[in-house]
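Spelled out, the chains give:
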Amino acid sequence: MRTRATVATVTGALALSALVLPSAAQADGAHGSAGSAAAVARAAQSAAGQSAAKTGARSAAPAAASEPGEMDLTFSKLVVNGGKPIVVGTTYTKRVATTFTVTHAADVNIFASDFLLDINLYRGSYESPSNELYSDDFPVCKKVSTKVATCKGNISVTPEYDLLGNADATKWKAMGFAVDYRGEDPENPDFSKMGFALQDKLGNATVQRASKQSVKTSAKSVKKGKTLTFTGWLSRANFDDLKYHGYTAQPVKLQFRKKGSSTYTTVKTVKTNNKGDLKTTAKVSANGYWRYSFAGTSTTPAATATGSYVSVK
């Protein structure tokens, strides 16, 4: 059972002995606990008597860089996985790229050794998220000007630890966080003396359940005009038990590509049964490749079988 904890409701002291504190923007990349850093930012926010993240515009009266409280820092231009869905299977860790821009006051040093920032995804509400996804490396940021930096990072999804169930195959919201320790001991910080920034509504990203499609022909060689049987199985990742199960009641196209051609044409559309199985027949009149092709749904990406060659005698 997955037990990764959400950090959204942290309001008191944190056990941060595992938190590594490299510069979040150092040139050679940074490693540490992004989830813990986000928890620290929320705790500092709570210590400052605030309860919600800003959603775009900067605070009307941000704290000076030398003072504790909300920093004059915002996130923008976030892109997750090039704008494409995050397709996750049942075993391997999926890492997708993130890019974003950080704009800050000239006296906010995001390259300080005890300054951390990143973005994360969550579903549910900001105050009480159902689940959250973080990076496993802090982003690498490059200075554009005294007030602007561009950053490249990642979102890491390990199905066994990060996904709670099939409900995670949905649209997620994005937020950014930053924390300036300002010399505080990371294992026992005084949150009221730290700088922080939390910004919600940076965009969205969709997590999908990986899919697979197969095809099998009843023969590899037939007489011209004879009927051939085509079977197959459409399956997708199940985040509840981390196995692949049949995707039921889904329309799938049986397609044919004549030898020498590069284009498949649809012969007919078939629906999967209650186990995700497919079975249909078609007459064969030329040498070529046969396949099943599934168009995908909001929770599941498209899947197409490798063409199976059938020759005509």
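Predicted model, so just to flag it, every value in this text is computed and none were measured.

Student: Go over the state of the cysteines with me, naming the residues and quoting the values.
Tutor: Taken as a whole and judged by the stated rule, the model has one disulfide. With a sulfur-sulfur separation of 2.0 Å, cysteine 141 is cross-linked through a disulfide to cysteine 151. The sign of the S-S torsion, about 110°, decides the handedness of the disulfide formed by cysteine 141 and cysteine 151: right-handed. You can see cysteine 141 sitting in strand β7 (residues 140-143) and its partner cysteine 151 sitting in strand β8 (residues 148-157), a full 10 residues away along the chain. The pair cysteine 141 / cysteine 151 is uniform in exposure class, with both members buried.

Student: With reference to specific residues and values, describe the packing of aromatic side chains.
Tutor: This structure, assessed with the given rule, holds seven aromatic pairs. Aromatic side chains phenylalanine 75 and phenylalanine 100 sit 5.9 Å apart centroid to centroid with 50° between the ring planes, which places their arrangement in the tilted category. Of the two residues, phenylalanine 75 sits in strand β2 (residues 73-80) while phenylalanine 100 sits in strand β4 (residues 94-104), which places them 25 residues apart along the sequence. In this structure, phenylalanine 75 and phenylalanine 100 share a single accessibility class: buried. Its guanidinium or amino end placed over the ring of tyrosine 244, lysine 212 lies 4.1 Å from that ring's centre, counting from NZ or CZ. Residue placement shows arginine 236 over the ring face of tyrosine 247; its charged tip is 3.7 Å from the ring centre.

Calculation rules
Residues numbered from 1 in each chain as written. Predicted model: local features only at pLDDT ≥ 70, side-chain atom pairs only at ≥ 80, totals over all residues. Heavy atoms only, no water. Disulfide = S-S within 2.5 Å. Helix = DSSP H or I, 4+ residues; strand = E, 2+ residues; numbered from the N terminus. Buried < 20%, exposed > 50% of the residue type's maximum accessible area, 1.4 Å probe, protein only. Phe/Tyr/Trp six-rings, centres within 6.5 Å; stacked < 30°, edge-to-face > 60°. Lys NZ or Arg CZ within 6 Å of the ring centre and 35° of its normal.

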